[in-house]
Amino acid sequence: MKLQRVLAVLLVALLSAMAPSGVEAQTVKSIKQQKAKTQREIKETSQKIDKNKADTRRQLNQLNTITAEIGEQQRSIDNLTKQLDAINAELKSVNDSIAANEAKLQELRDEYGKAIRKIHSRSSSVDKLLFVFQSSSFHQALRRMRYLREFSAWQKRQSQEIGEMQKRLEASRAHINSLATEKSNNIKDQNLAKLTLEQKKRQQSDVVNKLKKEGAQLNQILAEKKKQAQALDATLDRLIEQE
């Protein structure tokens, strides 16, 4: 019986001495597993960061392209606006010329009316032929005929010249009005295109900002994982030294 008790005590002592070593082995294995898992996570996070950087660069290039297009669009709008201002100035000049010619034509009409009234005041008849026949001499009749003919021809030439000039000016005004309308429509289209690009730029900026935010979060996660891996390495080294 004594021998059995002694053997039992020795067995318990032996098991007690072996127990810490088993727990320590189990802890080292667990830490190694955690380290492997952490290294996988570090690798995955690094890959995500690389992809995020590539996506960010690509989206930034698109954003820069859109910004450049907006600048070009604005330059086109400015150029069209200058052209429209010049067209409007030319249109004003044409309208002024038309008004001046209309005034001149009216002046000719008034002068012709005055001349006719003057002729009528010299004769008791409104008939031009009678005005000639009432001449006191043959030479006076010739002068009156020549006067009437020359005055009529002059008035006709003036009216024709002014009329032709008016037609040219009216055609010019119609052409300039057409150009002004075309330029105005172009400016409207350009402004609409610019607004579309600006909206696209805002959307692209949101994408870039989102990617940058994701990149910052990934870098923070990577830093934490690396810190965790360092802590596991330190713990593993300490346990290995204690063996």
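Residues numbered from 1 in each chain as written. Predicted model: local features only at pLDDT ≥ 70, side-chain atom pairs only at ≥ 80, totals over all residues. Heavy atoms only, no water.

## Remarks on the overall build of the chain
Next, step 1: Secondary structure assignment for the chain yields three helices and zero strands.
Next, step 2: Of the regular secondary structure in the chain, the N- to C-terminal order runs α-α-α.
Next, step 3: Taking as baseline every contact in the chain between residues at least 6 positions apart, the subset at least 24 positions apart corresponds to 86%.
Next, step 4: Counting every atom, the chain has about 17,400 Å² of accessible surface; 55% of that belongs to carbon and sulfur. (Helix = DSSP H or I, 4+ residues; strand = E, 2+ residues; numbered from the N terminus. Contact = heavy atoms within 4.5 Å. Areas by Shrake-Rupley, 256 points an atom, 1.4 Å probe, with all protein chains shown as cover.)

## So, the pattern of salt bridges
Next, step 1: For the structure shown, the criterion picks out nine salt bridges.
Next, step 2: Salt-bridge contacts for aspartate 96 lead to lysine 92; the nearest nitrogen and oxygen are separated by 3.2 Å. Placement of the pair is aspartate 96 and lysine 92 together in helix 1 (residues 2–122), with a separation of four residues, close to one helical turn.
Next, step 3: Since its relative accessible area comes to 52%, lysine 92 is described here as exposed.
Next, step 4: Salt bridges here are not isolated pairs; linked through shared partners, they connect Lys37, Glu41 and Lys225. (Salt bridge = Lys/Arg side-chain N within 4 Å of Asp/Glu carboxyl O. Buried < 20%, exposed > 50% of the residue type's maximum accessible area, 1.4 Å probe, protein only.)

## Quick look at the nonpolar core
Next, step 1: Within the largest apolar cluster, ten residues are counted, these being Leu80, Leu84, Ile87, Leu91, Val94, Ile98, Leu169, Ile176, Ala180 and Ile187.
Next, step 2: Every element with two or more residues in this core is listed here: helix 1 and helix 3 (138–242).
Next, step 3: It is helix 1 that provides the largest number of residues to this core, a total of six residues.
Next, step 4: Look past the residues within four positions of isoleucine 87 in its chain and what remains in contact with it is Ile176, Leu179, Ala180 and Lys183. (Core = buried A, V, L, I, M, F, W, Y, C linked by side-chain atoms within 4.5 Å.)

## Observations concerning the confidence of the model for the chain
Next, step 1: Summing up the model confidence of the chain, the mean pLDDT is 79 and the portion of residues at 70 or higher is 77%.
Next, step 2: Overall, residues 1–23 carries pLDDT values under 50, and its contacts beyond four positions in sequence, including any with other chains, amount to zero contacts.
Next, step 3: Counting interchain partners and residues more than four positions distant, the pLDDT-below-50 stretch residues 122–126 has seven contacts. (pLDDT = per-residue confidence, 0-100.)

## Observations concerning the environment of asparagine 52
Next, step 1: In this structure, asparagine 52 sits in helix 1.
Next, step 2: Classification of asparagine 52 by relative accessible area gives buried; the value is 9%.
Next, step 3: Spatially, the C-alpha atoms of asparagine 52 and alanine 216 are 9.8 Å apart, while their sequence positions differ by 164 residues.
Next, step 4: What asparagine 52 contacts, discounting residues up to four positions off in sequence, is Leu211, Glu214, Gly215 and Leu218.

## A word on the side chain of threonine 38
Next, step 1: Note on placement: threonine 38 falls in helix 1.
Next, step 2: Note on threonine 38: relative accessible area 1%, which makes it buried.
Next, step 3: Those residues in contact with threonine 38 that lie beyond four places of it in its chain are Lys225, Gln228, Ala229 and Leu232.

## A word on the side chain of threonine 45
Next, step 1: Considering the arrangement of structural elements, one finds threonine 45 in helix 1.
Next, step 2: By relative accessible area, threonine 45 is classed as buried at 8%.
Next, step 3: In contact with threonine 45, other than residues within four places in its own chain, are Leu218, Ile221 and Leu222.

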